[in-house]
Amino acid sequence: MARLGHTERIENRGNIQRTDTGWRVTMPMGIKNRRFETFEFSFPGTTVELFESYAFKFSKSNAKLKKTAKKFETKTGTKIEIWAYNLPALLACPGAGECPLFCYALQGQFGYRNVMESRAYNYALLHELNARGGVNAVAHALILGLRAIVAKTPKNRDEVWLRIHDSGDMFSLWYIKAWAVALSQVPEVKAYAYTKSIGLLSKVQLPSNLRIVQSVGGTMDDQMSMGRPHSRVFATHEEREALGYVDGNESDIPAMMSVTRVGLVYHGTENLETIAA
């Protein structure tokens, strides 16, 4: 796992709190100069009205995803559209180890307030749905979201893909169960995700259209199966190649295709000093 030149541990990951009218989400941004932004959301009405009035926010503006779609077409002849679904970095990452010291989702454009707000909104809505109806309510809302991105995908695309979490992670068992249920009901969407929440994977039946890549460097590494798809962060491509890891920086195709060893070379704004296996 990659490490920065400074070694202090990060304790404050932000928080989510129930308020009289909804939810307050305080989420972190920045590495050395950490700041916190707070957002408040209210979701009035019945649960049925909640489904009708509030939808999860998906995006497709990530430059890497656009590049991935083009390379995927060149490689396979299949035209695809890739969407993304995100949550607050670190706050929604219970399995994070030292990665908060160099997390790309705590840097750069991820710090724009509108970007942070959309992630905080998704996180708050998840908690509201779970509080009202548990896994079934969360799954139903995700199903509606998945069907919406299918409907919005240009008709000339052959497949619809979803990257779950450029930012954030599978933060609880009820959350990953909801994704499993939702994707099993919308099989036309193919999804993939990196996760450090390794301990949750054995507790849920994952559908065939959800590909999970275990991410080395978290607090649950001892539960990881290195014979299954996993990723590692490296300081340089030379170090990645020396250990036989496929390049996961150029595109997300290795994760989409369940390649066993995916190497990610650090590309954030902080100074990466050393590398630890």
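In this text the structure is predicted, and so the values were computed from the model without any measurement.

S.K.: Run through the sheet that holds strand E3 (residues 22-29), naming residues and quoting values.
M.R.: Strand order across the open sheet formed by three strands is E2-E3-E4, with antiparallel pairing between neighbours. Lying at the two open borders of the sheet, with one neighbouring strand each, are strand E2 (15-18) and strand E4 (35-42). Taking each pair of neighbouring strands and ignoring which way they run, the sheet shows an average axis angle of 15°. As defined by bridge partners, E3 adjoins E4 across eight bridges and the pair is classed as antiparallel. Paired with arginine 24 across the two strands is glutamate 40, which belongs to E4.

S.K.: Quick rundown of the side chain of histidine 230? Include the residues and the values.
M.R.: Here histidine 230 lies in strand E10 (residues 230-234). A residue is classified by how much of its surface remains accessible, and histidine 230, at 0% relative accessible area, is buried. There is a polar contact of 3.0 Å between the side chain of histidine 230 and the backbone oxygen of arginine 228. Setting aside its immediate chain neighbours within four residues, histidine 230 contacts Val213, Gln214, Val216, Met224, Tyr245, Val259, Thr260, Arg261 and Val262.

S.K.: Before we move on, could you go through the packing of helix H3 (residues 113-152) against helix H4 (residues 173-185) and cite the residues and values that matter?
M.R.: One can describe the packing of H3 onto H4 by two numbers: an axis separation of 8 Å at closest approach and a directional angle of 30°. By the criterion of interaxial angle, the relationship of H3 to H4 is roughly parallel. Crossing handedness for the pair H3 and H4: right-handed. Residues Leu126, His127, Asn130, Val135, Val138, Ala139, Leu142, Ile143 and Leu146 of H3 touch H4, and the partners they reach there are Trp174, Tyr175, Lys177, Ala178, Trp179, Val181, Ala182, Leu183 and Gln185. In terms of residue class, the contact of H3 with H4 is made up of 14 nonpolar, three polar and one charged.

S.K.: Any chance you could break down the sheet that holds E10 for me, citing the residues and the numbers?
M.R.: On the basis of which strands lie adjacent, the open sheet formed by eight strands has the order E5-E6-E7-E8-E9-E10-E12-E11 and mixed pairing. The two strands at the open ends of the sheet, each matched to only one other strand, are strand E5 (58-59) and strand E11 (246-247). Looking at chain direction, E10 and strand E12 (residues 261-265) are connected through five bridges and run parallel. By the bridge assignment for E12, serine 231 is matched with valine 262. Of the strands in this sheet, strand E6 (80-85), strand E7 (159-164) and strand E8 (189-195) are in contact with helix H2 (residues 63-76), which crosses E6 at around 150°. Of the strands in this sheet, E5, E6, E7, E8 and strand E9 (210-215) touch H4, which is tilted by about 180° from E7.

S.K.: Please set out the side chain of threonine 153 residue by residue, giving values where relevant.
M.R.: Within the element layout of this structure, threonine 153 appears in the loop between H3 and E7. Looking at threonine 153, the relative accessible area reads 6%, which means it is buried. Within polar-contact distance, the side chain of threonine 153 engages the side chain of tryptophan 83 at 3.1 Å. Excluding residues within four positions of it along the chain, threonine 153 makes contact with Glu81, Trp83 and Val160.

How each quantity is defined
Residues numbered from 1 in each chain as written. Predicted model: local features only at pLDDT ≥ 70, side-chain atom pairs only at ≥ 80, totals over all residues. Heavy atoms only, no water. Pairing = 2+ DSSP bridges. Helix = DSSP H or I, 4+ residues; strand = E, 2+ residues; numbered from the N terminus. Axes fitted to C-alpha atoms, helices over the stretch in contact; angles between N-to-C directions. Buried < 20%, exposed > 50% of the residue type's maximum accessible area, 1.4 Å probe, protein only. Polar contact = N/O pair within 3.5 Å; in protein donor to acceptor, adjacent residues only side chain to side chain. Contact = heavy atoms within 4.5 Å. Parallel < 35°, antiparallel > 145°, perpendicular 65-115°, else oblique. Left-handed = near helix turned anticlockwise from the far one by under 90°. Nonpolar A, V, L, I, M, F, W, Y, C, P; charged D, E, K, R; others polar.

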